[in-house]
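Close look at the chain arrangement
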Amino acid sequence: MLTNLEHLGLAVHDLAAATALYTRLLGQAPYKTEHVASEAVDTVFFQVGGSKIELLAGTSPDSAISKFLEKKPEGIHHVAFEVDDIVAEMVRLKAEGFILLNEQPKRGADNKLVCFVHPKSAGGVLVELCQSVL
Ligand SMILES: CC[C@@H](C(=O)O)C(=O)SCCNC(=O)CCNC(=O)[C@H](O)C(C)(C)COP(=O)(O)OP(=O)(O)OC[C@H]1O[C@@H](n2cnc3c(N)ncnc32)[C@H](O)[C@@H]1OP(=O)(O)O
Ligand SMILES: [Co+2]
C-alpha cells in the first residue's frame, strides 16, 4: 500500500533561483541539498508538514529532468509516495499492469530506495515509490 505523499518533484532550470523563490513562498529555508549522480540531478529539499518539495535541476543533457524541460515548462515532474516495503509494492503494481521503469529498487535522494512507474501506465503522471533506508 502507498502511504504518505512523500514528495512532489519539481523540475527547474535554475536551482538557485527556484530555491530563492520557494524559500520566500514557503517561509522557510531548505533542509538539504544533494547531488544524485546516478540520476544526473542536483536536488534541494523543503519539508512541508509530513511531505516535501524536491526541486530538481539536470546536471547533464541526458538527465530525465533536462529532457523533460526540453519539451515542457518548469513545474511538477513527478509525485512520490512512501511505501513500507518497496519490493512488495513493485510486485503488486506490476501484477496490476503498471509499467515499472526499474526492475530493482535504486538509491534515490534523502536516504531512500526508489522505483519509478511510467506515466503512460499511471494516468499521465510519473510516480515514484520511496522506502526509507538508513
Ligand atoms: C533525485 C533522485 C530521485 C528521488 O530520490 O527523488 C528523483 O526524483 S530522480 C528524478 C529524475 N529521474 C527520473 O525521472 C527517472 C524516471 N524517468 C524516466 O525514466 C524518463 O524520464 C521517462 C518517464 C521514461 C520518460 O523518458 P523518455 O521516454 O525518454 O522521454 P520522452 O520525452 O520521450 O517522453 C515519453 C512520453 O512520456 C511523457 N513524459 C515524460 N516525462 C514525463 C513526466 N515527468 N510526467 C508525465 N509525462 C512524462 C512524455 O510527454 C512523452 O509522452 P508523449 O509525448 O505522449 O509520447
Ligand atoms: Co523524486
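Residues numbered from 1 in each chain as written. Chains lettered and ligands numbered in written order. Predicted model: local features only at pLDDT ≥ 70, side-chain atom pairs only at ≥ 80, totals over all residues.

**Focus on the sheet that holds strand β5 (residues 75–83)**
Strand pairing in a sheet is mediated by backbone hydrogen bonds. Such pairs are either parallel or antiparallel. Read across the open sheet, the 8 strands follow the order β2-β3-β4-β1-β5-β8-β7-β6; overall the sheet is mixed. Of all strands in the sheet, those with a lone pairing partner are β2 (32–36) and β6 (106–107), marking the two edges. Sheet analysis places strand β1 (residues 2–11) next to strand β4 (residues 51–58), joined by 5 bridges and oriented parallel. Bridge assignment links A11 to a residue of β4, and that residue is L56. Contacts between helix α3 (residues 86–95) and the sheet are confined to β5, β7 (112–117) and β8 (127–132), with β7 contributing the most and set at about 10° to the helix. (Pairing = 2+ DSSP bridges. Helix = DSSP H or I, 4+ residues; strand = E, 2+ residues; numbered from the N terminus. Contact = placed C-beta atoms within 7 Å. Axes fitted to C-alpha atoms, helices over the stretch in contact; angles between N-to-C directions.)

**What about the environment of N4?**
If you trace the backbone, N4 turns up in strand β1. Distance in space between the C-alpha atoms of N4 and A80 is 8.8 Å, their sequence separation being 76 residues. Those residues in contact with N4 that lie beyond four places of it in its chain are G50, S51 and E82.

**Observations concerning the UniProt feature "domain: VOC" (unreviewed entry) in the protein**
Sequence positions flagged by UniProt for "domain: VOC" (unreviewed entry) are, in local numbering, residues 4–132. Taken end to end, residues 4–132 is 23% helix and 40% strand, and its two terminal C-alpha atoms sit 12 Å from one another. (UniProt positions renumbered as here; feature names shortened; annotations may be inferred.)

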